[in-house]
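This is what each chain is made of:
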Amino acid sequence: MSKRSPSLIGYLAAFSRYELLCDGDACIIAGSEAKLKDYLAVHNPALPKRCEIKKVRFEELLRGLRAGGAYACDEDAYKRFYPQAQRAGLAVGPEDFSTPPPPGLTRPAIHLVRVQHFRLR
């Protein structure tokens, strides 16, 4: 039996009930708790001490999408999201995570794919 629920997509960082770690207006969903902590430590060193890391399941993400929310998934989270989204009738496709980071970037890059309100087929 797998340790992860089949509906588990990833993890988010919450600073309060209404304040989440975002890239622009899209809530960041990392594929693992460790990746999210690494991202916080590198990109926002003061934040990890005052946030709660929460699991994000597909059903929760789908409710957020239908309510107009936007999410930015890393590769691992998107790989879990994509097949479940297709089964739910969302018009999503495969994504290419092989694009190199921009030249001159001085910190580790995190490749995110934005997902937001989709129409059901």
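Before reading on, note that the structure itself is shown above.
Computed from a predicted model, the values in this text were never measured in an experiment. (Residues numbered from 1 in each chain as written. Predicted model: local features only at pLDDT ≥ 70, side-chain atom pairs only at ≥ 80, totals over all residues. Heavy atoms only, no water.)

*Asks:* Talk me through the pattern of salt bridges; I want residue IDs and the actual numbers.
*Replies:* Counted by the stated rule, this structure contains three salt bridges. Close ionic contact of Glu 33 with Lys 37 constitutes a salt bridge, the shortest N to O distance being 3.5 Å. Residue Glu 33 and its partner Lys 37 are both found in helix α1 (residues 33-43); the two are separated by four residues, about one turn of the helix. Judged by its relative accessible area of 34%, Glu 33 falls in the partly exposed class. Residue Glu 75 pairs with Lys 79 through a salt bridge whose shortest N-O separation is 3.4 Å. One end of the pair, Glu 75, and the other, Lys 79, are both in helix α3 (residues 75-87), four residues apart, so they sit about a helical turn from each other. Of the residues examined, Glu 75 reaches a relative accessible area of 34% and is grouped as partly exposed. Taking the relative accessible area as the measure of exposure, Lys 79 reaches 54% and is therefore exposed. (Salt bridge = Lys/Arg side-chain N within 4 Å of Asp/Glu carboxyl O. Helix = DSSP H or I, 4+ residues; strand = E, 2+ residues; numbered from the N terminus. Buried < 20%, exposed > 50% of the residue type's maximum accessible area, 1.4 Å probe, protein only.)

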